[in-house]
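Understanding the architecture of this molecule
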Amino acid sequence: MKRYLNGPLLVMLAPATVLLGVFILLPMLLTIWLSLQDWSTQTGFDTARFIGLDNFAEIFGPGSVGRDFKTALANTAIYTVASVAVILPLSVLFGLLVYQQRVAGGVVLRTILFSSYMVPMIAVTLVWSKLYSPSEGPLNQILGWLAIPPQKWLSSPDSALGSIVLLNVWQQVGYFTVLAVAGLTQIPKTLYEAAEVDGAGPVASFFRITLPLLRRTMLFSGVIAIINAVQVFEPVALITQGGPINSTNVLTYHIRRVGIERSQGGLGSAMAVTLMLALIVAVVALFAFARRGGEEE
Amino acid sequence: MTLVLPSTASRRRLFRQAPRPRDWFILTAIVGISVAAAFPLAWMVLTSLKTPAETMQTPPVWFPASPSLDAYGKVMDVIDAGRSFLNSAIIATLTTAGILVTSLLAGFAFAKYEFRGRGALFAVVVATMLLPPIVTLIPLYRLVGYLHIDGSLAGVIVPNLANAFGIFLMRQFIKGVPDELLDAARIDGASELRIVFSIVAPSVVPAIAALALFAFVYHWNSYLWPLTVLQGHTDQYPIVISLSRLLSYNRGALNTGLVMAGATMAVLPPVVLFVLLQRFFVDSIVSSGVKG
């Protein structure tokens, strides 16, 4: 039986809702309000001066502020799409290896993959910066054994962002593998048995049964992967500082640099609001895409 | 096949049934991916044990000729590692304790009370999960200034004492606690708070364990917020921020051993916790991801 109890209800709800209200919802509303103000982060909120959409005009304008922001926005979009496009298929592939029962080692694989998800991003950054070292690093040495020429990794504008995607994939893929396994366990085994009776091979079963029934899991994973990807910060802050030639300047790094280090709170907030809107569009688009795929089945 | 993996408790065989050609492919894939995935951390530990000369060789040396712990001693000299570890432990422990209490209470309210606006309020709570921290960073930085907790561990901890994921997870699990159990306690005169802590909490121990581990690891590893709120107060730095100073200690290859030793030290607590308790992690991800 459920109850309607006013006193205890308040006691239960107050701590969490007050904390979330003060430290998440209020700052979110302040970000939106500040995006319309001329305001220095060094000073109180009372010094903010309303300037309409000027901040947005500037961050999308032709000046250097606009150029840097648009580059950061584009880099973040590329980084996010690349991360999601690599992580989701790998998570299904690894998930199948963990889930299958015929060959031992699935749990060992899961443990190793998920361990890197526990590693602080700062340590991932430190380790990979040394792995990528062009002369003393092991990655170019291994490529050499495979007769592949040495890469410049983080030190070339052509490969730096991709190198950060790669270390991010290494850190995150274990988490998404566990999600994929959770999705796989929901698929009734009888479907596969029926398909086998009908003469379907493993490839046909995968594309006709596994993938369609993993759609909800993939949608959930996709949303989380997008939210995680826009948070990339440590490798950029610690190693590339957005370079070489702005090639790794991503939004979390850029917004913090503008809004905190340069104290341009209004401009930084306008960038944060743009990021929030972009995320809403991306997530809605993902849901629409998943629904359309569902109707085609 | 009679090959037996020594690491598994039940002496499971490499193959369950007579292997098909496909099974050899699966085995190769599992071994190959495991080795590749384990490589960065293995390289980290190996390099932390090398001499400075070995870390600078081209092509790189894989195994140290005579493993040495010198780099670890050097880390202790360059950064105040003891203090940083203590700061990390305080941040992670207090934040986790706060999250457990607020999540248990709010999770109970959302699972077991009917009240006007419950659905809407819960939707707002869940929506905050999807908000990347950078979106609120600038005003939050100013807000903790108003509260006079910037530059201190309190400034790192207080804004994170409630957490939407925790509330969500607790609600999912507390829903499964039978109402009859709660009503029996009410008839015996137990207060609602007493019911939460002495009846509900013991029934959802696996979820509490999972949430505690998640929160601890997340806040042990957290970098962006402590860096922003602690700017310059080096004596308050958690280990992950102190570590970043190792990279600028010496440019280029000179600091490699030092960096790897520091990274190994910071990685140990979360990874050891995970390996010991991975069952809880995995179960809670499964239930939050699928039942959600």
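**What to know about the overall build of chain B**
Summing up its helical and strand segments, chain B has 14 helices and 0 strands in all. Counting from the amino terminus, helix and strand elements in chain B follow one another as α-α-α-α-α-α-α-α-α-α-α-α-α-α. Here the C-alpha radius of gyration of chain B, 24 Å, is well above what a compact globule of 292 residues would show, namely 19 Å. Projecting the C-alpha coordinates of chain B onto the three principal axes gives extents of approximately 75 × 65 × 35 Å. Within chain B, contacts between residues separated by at least 24 positions form 74% of all contacts whose residues are at least 6 apart in sequence.

**Regarding the overall build of chain A**
If you tally the helices and strands in chain A, you get 13 helices and 2 strands. Buried positions account for 45% of the 297 residues belonging to chain A. Considering only intrachain contacts with a sequence separation of at least 6, the fraction spanning at least 24 residues in chain A is 67%.

**Some points on the nonpolar core**
Judged by nonpolar contacts, the single largest core of 155 residues is most densely connected at Ala123, Val127, Leu251, Met271 and Ala272 of chain A together with Phe108 and Ala263 of chain B. Considering every element that reaches this core, the biggest residue donor is helix H7 (residues 160–185) of chain A, with 14 residues. The contact partners of alanine 263 of chain B, leaving out residues within four places of it in the chain, are Ala123, Leu126 and Val127 of chain A together with Met44 and Leu243 of chain B.

**What to know about the confidence of the model for chain B**
Residues and elements named next belong to chain B. When pLDDT is averaged along chain B, the result is 87; 92% of the residues meet or exceed 70. Of all the helices and strands in chain B, helix H14 (residues 256–290) carries the lowest mean pLDDT, 80, while helix H7 (residues 153–157) carries the highest, 97. Interface confidence for the predicted complex, expressed as ipTM, amounts to 0.91; the pTM equals 0.91.

**Notes on the interface of chain A and chain B**
Tallying the contact residues gives 81 residues for chain A and 88 residues for chain B. At 16 residues, the largest contribution of residues to the side of chain A that touches chain B is made by helix H1 (residues 6–34) of chain A. Residue classes in the side of chain A that touches chain B are distributed as 54 nonpolar, 20 polar and 7 charged.

**Some details on the packing of helix H12 (residues 251–261) of chain A against helix H6 (residues 134–146) of chain B**
Any two packed helices are characterised by how steeply their axes cross, that is the angle between the axes, and by the distance between the axes. Closest axis-to-axis distance for the H12 of chain A/H6 of chain B pair is 10 Å, and the angle between their directions is 20°. By the criterion of interaxial angle, the relationship of H12 of chain A to H6 of chain B is roughly parallel. Where H12 of chain A crosses over H6 of chain B, the two elements pack in a sense that is right-handed. Counting all contacts with H12 of chain A, which are made through Leu251, Thr252, Ile255, Arg256, Gly259 and Ile260 of chain A, the residues of H6 of chain B involved are Ile134, Leu137, Ile138 and Tyr141 of chain B. Of the residues that constitute the contact of H12 of chain A with H6 of chain B, the class distribution is 7 nonpolar, 2 polar and 1 charged.

**Side note on unusual backbone geometry**
Residues and elements named next belong to chain A. With an omega of -10°, the peptide bond running from glycine 243 to proline 244 counts as cis. Relative to the elements of secondary structure, proline 244 occurs in the loop between helix H11 (234–240) and H12. In this model, tryptophan 153 sits at a positive phi of 50°, which is unusual for a non-glycine residue. Positive phi, close to 50°, is recorded for glutamine 241, a residue that is not glycine.

**Here's the deal with helix H11 (residues 205–221) of chain B**
Residues and elements named next belong to chain B. With 17 residues, H11 should cover 24 Å at 1.5 Å per step; its first-to-last C-alpha distance of 24 Å lies within 8% of that length. In terms of burial, H11 is largely enclosed, as 12 of its 17 residues are buried. What H11 keeps buried is the set Ala207, Ile208, Ala210, Leu211, Leu213, Phe214, Ala215, Phe216, Val217, His219, Trp220 and Asn221.

**Remarks on the environment of arginine 16 of chain B**
When you line up the elements, arginine 16 of chain B lands in the segment before helix H1 (21–48). The class for arginine 16 of chain B is partly exposed, based on 14 C-beta atoms found within 10 Å.

**Quick look at helix H4 (residues 106–118) of chain A**
In this model H4 of chain A runs 19 Å from its N-terminal to its C-terminal C-alpha over 13 residues, within 8% of the 18 Å that 1.5 Å per residue would give. Taken together, the buried positions of H4 of chain A are Gly106, Leu109, Arg110, Leu113, Phe114, Ser115, Ser116, Tyr117 and Met118 of chain A.

**Observations regarding the environment of isoleucine 51 of chain A**
Residues and elements named next belong to chain A. Looking at the element boundaries, isoleucine 51 is found in the loop between strand E2 (49–50) and helix H2 (54–59). We classify isoleucine 51 as partly exposed; it has 14 C-beta atoms within 10 Å. A sequence separation of 158 residues divides isoleucine 51 from isoleucine 209, and the C-alpha atoms of the two residues are 55 Å apart.

**Some remarks on the environment of leucine 27 of chain B**
One can find leucine 27 of chain B in helix H1. Each C-alpha atom of the pair leucine 27 of chain B and phenylalanine 15 of chain B lies 9.0 Å from the other, and the pair is 12 residues apart in sequence. In this structure, leucine 27 of chain B is in contact with Val103 and Gly105 of chain A, ignoring residues within four places of it in sequence.

Cut-offs used in this document
Residues numbered from 1 in each chain as written. Chains lettered and ligands numbered in written order. Predicted model: local features only at pLDDT ≥ 70, side-chain atom pairs only at ≥ 80, totals over all residues. Helix = DSSP H or I, 4+ residues; strand = E, 2+ residues; numbered from the N terminus. Rg over C-alpha atoms; globule rule 2.2 N^0.38 Å. Contact = placed C-beta atoms within 7 Å. Buried ≥ 20, exposed ≤ 12 C-beta atoms within 10 Å, placed from the backbone. Core = buried A, V, L, I, M, F, W, Y, C linked by C-beta atoms within 7 Å. pLDDT = per-residue confidence, 0-100. Nonpolar A, V, L, I, M, F, W, Y, C, P; charged D, E, K, R; others polar. Axes fitted to C-alpha atoms, helices over the stretch in contact; angles between N-to-C directions. Parallel < 35°, antiparallel > 145°, perpendicular 65-115°, else oblique. Left-handed = near helix turned anticlockwise from the far one by under 90°. Expected span 1.5 Å × (residues − 1).

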